[in-house]
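Examining the three-dimensional arrangement
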Amino acid sequence: MNFFLRLAAYIFHPLFIPLLGAITYYNITPRYNESLIVQSKIFAIIIITLLIPIITFFLLKNLNVITSIHLKNVEERKYPLMIQCILILLIIKMVFSPYESIEMYYFFLGILCTTLSALMLVFFKFKASLHQMGIAGITMFIIALSVHFKVNLLMGIAIFFICNGWVASSRLHTNSHTVPELITGFFIGIIPQLIMLNFWL
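In what follows, the accompanying structure is described. (Residues numbered from 1 in each chain as written. Predicted model: local features only at pLDDT ≥ 70, side-chain atom pairs only at ≥ 80, totals over all residues. Heavy atoms only, no water.)

Another aspect to go through is the overall build of the protein. Across its full length, the protein carries eight helices and zero strands. In terms of overall dimensions, the protein is globule-like: its C-alpha atoms have a radius of gyration of 16 Å, near the 17 Å expected for 201 residues. Along the first, second and third principal axes, the C-alpha set of the protein runs to 45 × 35 × 30 Å. For the protein, the proportion of contacts with a sequence separation of at least 24, taken over those separated by at least 6, is 75%. Counting only carbon and sulfur atoms, one obtains 71% of the accessible surface of the protein, whose full area is about 10600 Å². Here the protein holds 12 positive side-chain charges and 6 negative ones, and the gap between their average locations is 7 Å. (Helix = DSSP H or I, 4+ residues; strand = E, 2+ residues; numbered from the N terminus. Rg over C-alpha atoms; globule rule 2.2 N^0.38 Å. Contact = heavy atoms within 4.5 Å. Areas by Shrake-Rupley, 256 points an atom, 1.4 Å probe, with all protein chains shown as cover. Lys, Arg positive; Asp, Glu negative; His and termini not counted. Charge placed at Lys NZ, Arg CZ, Asp CG, Glu CD.)

In this model, helix α8 (residues 179-200) (22 residues) spans 33 Å end to end at C-alpha, consistent with the 32 Å of a helix rising 1.5 Å per residue. Every buried residue of α8 is accounted for by Glu181, Leu182, Gly185, Ile188, Gly189, Ile190, Pro192, Gln193, Met196, Leu197 and Trp200. Buried positions along α8 lie against α5 (102-123), α6 (130-149) and α7 (154-173). (Expected span 1.5 Å × (residues − 1). Buried < 20%, exposed > 50% of the residue type's maximum accessible area, 1.4 Å probe, protein only.)

Another point: the pattern of salt bridges. Evaluation of the coordinates by the stated rule reveals three salt bridges. Between Glu75 and Lys78 there is a salt bridge, and its shortest N-O distance comes to 3.5 Å. Take Glu75: its relative accessible area is 32%, and that puts it in the partly exposed class. The partner of Glu75 in a salt bridge is Lys125, with the nearest N and O atoms 2.3 Å apart. (Salt bridge = Lys/Arg side-chain N within 4 Å of Asp/Glu carboxyl O.)

The grouping of Leu172, Val179, Ile183, Phe187, Ile191, Ile195 and Phe199 at the surface amounts to a nonpolar patch, some 630 Å² of accessible area in total. Sorting elements by how many residues they give to the nonpolar patch places α8 first, with six residues. Relative to the elements of secondary structure, Ile195 occurs in helix α8. Classification of Ile195 as partly exposed rests on a relative accessible area of 45%. (Patch = residues over 30% accessible without salt bridge, like charges linked within 9 Å, V, L, I, M, F, W, Y side chains within 5 Å.)

This part is about the side chain of His177. Along the chain, His177 turns up in the loop between α7 and α8. A residue is classified by how much of its surface remains accessible, and His177, at 6% relative accessible area, is buried. Within polar-contact distance, the side chain of His177 engages the side chain of Glu181 at 3.1 Å. Excluding residues that lie within four positions of it along the chain, His177 makes contacts with Arg77, Lys127, Ala128, Ser129, Leu130, Arg171, Leu172 and Leu182. (Polar contact = N/O pair within 3.5 Å; in protein donor to acceptor, adjacent residues only side chain to side chain.)

Orientation of helix α2 (residues 17-28) relative to α5, taken along the N-to-C sense of each, is 160°, at an axis distance of 11 Å. It follows that α2 is roughly antiparallel to α5 by the angle criterion. Seen from above, α2 lies across α5 with right-handed handedness. Contact residues: α2 offers Ile17, Pro18, Gly21, Ala22 and Tyr25, while α5 offers Glu103, Met104, Phe107, Phe108 and Ile111. Among the residues forming the contact of α2 with α5, the class breakdown is eight nonpolar, one polar and one charged. (Axes fitted to C-alpha atoms, helices over the stretch in contact; angles between N-to-C directions. Parallel < 35°, antiparallel > 145°, perpendicular 65-115°, else oblique. Left-handed = near helix turned anticlockwise from the far one by under 90°. Nonpolar A, V, L, I, M, F, W, Y, C, P; charged D, E, K, R; others polar.)

What follows deals with the nonpolar core. Ranked by internal contacts, the top residues of the largest apolar core, which has 47 residues, are Phe96, Met104, Phe108 and Trp200. Residue assignment for this core shows that the elements contributing at least two residues are α1 (2-11), α2, α3 (35-62), α4 (78-94), α5, α6, α7 and α8. Counting residues per element, this core draws most heavily on α6, which supplies nine residues. Not counting chain neighbours up to four residues away, the residues in contact with Phe108 comprise Pro18, Ile45, Ile88, Ile91, Ile92 and Phe96. Residues Ala118, Leu119, Val122 and Met133 belong to the second largest nonpolar core, which totals nine residues. (Core = buried A, V, L, I, M, F, W, Y, C linked by side-chain atoms within 4.5 Å.)

By themselves, these observations are geometric and do not establish any function.
As structure tokens, then:
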């Protein structure tokens, strides 16, 4: 049971959420997308939201800005979240256009708002759950895609709601977060995506 609960924190790590959202979108959308373009965008997401943050982590660790990848200390979250905001902004500006892929554009804009919210809370010494933010945000995005494309995704949505509980249980089991931190993470993950629906749904 210990292994099962800890596994959720790795499978649904916040760094994987942008990539998971993109893969989900391209598998759901009925629109034709040239395979080379899709591959290039996925590759860009992997580099910008996964590889660069990992390299940055080792740099910050060597500079003693952070002590571990878990960012247990609320102060340690400041620079990684700032960097993440810049990287998400880079994707919004260079990878997805509101004229070509409006759903993905506003998905990443929602992620930017969520990340900024988490960053602002850091200045108030509050450590919202980044894992819960991520899984909640993508759950809302999948619900929106189901409505937008009129595709029955009830099974997938149900699975993601179960995953929300799995992630929350994992974070509580490892004493990484308190219940208020998880609830806050859930809402600042889901609300920006919900607000963005006004622009594309």
